[in-house]
Amino acid sequence: MEDIAEALRESIKRRETVILVGECEIEYKGRASSKLGRGERIVIIKRDGSLLVHRPTGVNPVNYQPESSLVNVYSEEDRLVIRSLRPRPGEELTIKVYRILGLHTYRIEDNAQFEMWGDEEDIKKAIMVNPKELLGEDLNPLEEEMRISTAGYADLILVDSSGNYVVVEVKRETASVDAVYQLKRYVDRLRREINPRVRGILVAQGITRSAAVALEKEGLEFRRINMRKVYEVLKGGLTGFL
């Protein structure tokens, strides 16, 4: 394990991408805390310091650290330890690898420009047209840009199959903790003034860790939006779409 740790430290210094598949356990300490027992997972370390841990299924990482994190690798008894530290805010992710199934390092270059379809208005229009396709459940569109007293204008108001009002706040890119509390203001005001049965859904292409913690704390929901699907809904390209 010490030989592997030394090789990985050199790869990280050379700003190479590391892909490791192995049996590991994970512990996170920071704004919240979590622990994941032993299991076979995919660990990816990118040249900018970002680190992602994927389980065998699903598109989202079970743990991650953002770019500019400090990654250190060392051996500890019969284990390989990968520790990622984010100084501000203080966050630490520790991965203890007990068995390595595969390990590869690459020097990857990608200078292509990313192009994205649509904006926030397109997302809102597509949700109103086909909420089930984009949000994953049957919702009845009620109103767009609804003024909620002094709290401001909610992007979308829908009603679910149980008769609950559903407030949707849309962000085109990664949603921050500010978006969570913006949504919470709308939900709280609707509960007080119109109906106590109100849900809140934050819709974006991604979400920060602090926003995810705030969503769980406030009992709100998150839906990851697919911009290509937004484009297809608006263009009528979905199967069976009229």
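An unreviewed UniProt entry lists the protein chain under the name Endonuclease NucS, from Infirmifilum lucidum. We quote the UniProt Function (unreviewed entry) comment for the protein chain here in full: "Cleaves both 3' and 5' ssDNA extremities of branched DNA structures."

Draft legend 1. Local environment of the domain arrangement of the protein chain. Considered domain by domain, the protein chain is made up of domain 1 (2–106) and domain 2 (120–241). Computed from C-alpha coordinates alone, the two centres of domain 1 and domain 2 are separated by 33 Å. Overall, the association of domain 1 and domain 2 removes approximately 530 Å² of surface from exposure, summing both partners, and the carbon and sulfur fraction of that is 41%. Per-residue buried area on domain 1 facing domain 2 is highest for Arg-31, Asn-60 and Tyr-64; these three make up 67% of the total on that side. At the boundary of domain 1 and domain 2, one finds 1 salt bridge. A salt bridge links Arg-209 to Glu-91; the nearest nitrogen and oxygen atoms lie 3.1 Å apart. Linking domain 1 to domain 2 there are 4 residue pairs in polar contact (both at pLDDT 80 or more).

Draft legend 2. Representation of the nonpolar core. Counting residues in hydrophobic clusters, the biggest one holds 21 residues, and the most contacted among them are Ile-157, Val-167, Val-180, Leu-190 and Leu-202. When residues of this core are traced back to their parent elements, those giving at least two are strand E8 (139–148), strand E9 (152–160), helix H4 (177–193), strand E12 (198–204) and helix H5 (209–218). Excluding residues within four positions of it along the chain, Leu-190 makes contact with Met-146, Ile-148, Ile-157, Val-167, Asn-195 and Val-198. Among the nonpolar cores identified, the runner-up in size contains 19 residues, and Leu-51, Val-73, Leu-80 and Ile-82 belong to it.

Draft legend 3. Up close: the environment of Ile-148. Summarising the element assignment, Ile-148 is placed in strand E8. The buried category is assigned to Ile-148, whose relative accessible area is 3%. A sequence separation of 46 residues divides Ile-148 from Ile-194, and the C-alpha atoms of the two residues are 9.8 Å apart. Once residues within four sequence positions are removed from consideration, Ile-148 is found in contact with Ala-154, Ile-157, Tyr-186, Arg-189 and Leu-190.

Draft legend 4. Quick peek at the packing of aromatic side chains. This structure, assessed with the given rule, holds 0 aromatic pairs. Above the plane of the ring of Tyr-98 lies Arg-38, whose end atom (NZ or CZ) is 3.8 Å from the centre. Above the face of the Tyr-28 ring, Arg-209 is positioned so that its terminal group lies 4.3 Å from the ring centre.

Draft legend 5. Representation of the environment of Glu-144 in the model. Here Glu-144 shows up in strand E8. The class of Glu-144 is partly exposed, set by a relative accessible area of 30%. Measuring from C-alpha to C-alpha, the distance between Glu-144 and Asp-160 comes to 16 Å, with 16 residues separating the pair along the chain. Setting aside chain neighbours within four positions, we find Glu-144 in contact with Glu-121, Lys-124, Met-128, Ala-154, Asp-155 and Leu-156.

Draft legend 6. Molecular detail of the environment of Val-159. Note that Val-159 resides in strand E9. Here the alpha-carbon distance between Val-159 and Pro-141, two residues 18 residues apart in the chain, equals 6.6 Å. Residues within four places of Val-159 in sequence aside, it is in contact with Leu-139, Asn-140, Leu-142 and Asn-164.

Draft legend 7. Fine view of the sheet that holds E9. Strands sit in the order E8-E9-E10-E12-E14 across an open sheet of 5 strands; the sheet is mixed. Both edges of this open sheet fall to E8 and strand E14 (221–224), since each of them pairs with a single strand only. Averaged over all neighbouring strand pairs, the angle between strand axes comes to 30°, with direction disregarded. Bridge analysis of E9 against strand E10 (residues 165–170) gives 4 bridges, and the strand direction is antiparallel. Note on E10: the bridge partner recorded for Leu-158 is Val-166. Across the sheet, helix H2 (residues 120–129) lies against E8, E9, E10 and E12, angled at about 140° from E8, the strand it touches most.

Calculation rules
Residues numbered from 1 in each chain as written. Predicted model: local features only at pLDDT ≥ 70, side-chain atom pairs only at ≥ 80, totals over all residues. Heavy atoms only, no water. UniProt positions renumbered as here; feature names shortened; annotations may be inferred. Domains from an automatic or database assignment. Buried area = accessible area lost by both parts, 1.4 Å probe. Salt bridge = Lys/Arg side-chain N within 4 Å of Asp/Glu carboxyl O. Polar contact = N/O pair within 3.5 Å; in protein donor to acceptor, adjacent residues only side chain to side chain. Core = buried A, V, L, I, M, F, W, Y, C linked by side-chain atoms within 4.5 Å. Buried < 20%, exposed > 50% of the residue type's maximum accessible area, 1.4 Å probe, protein only. Helix = DSSP H or I, 4+ residues; strand = E, 2+ residues; numbered from the N terminus. Contact = heavy atoms within 4.5 Å. Phe/Tyr/Trp six-rings, centres within 6.5 Å; stacked < 30°, edge-to-face > 60°. Lys NZ or Arg CZ within 6 Å of the ring centre and 35° of its normal. Pairing = 2+ DSSP bridges. Axes fitted to C-alpha atoms, helices over the stretch in contact; angles between N-to-C directions.

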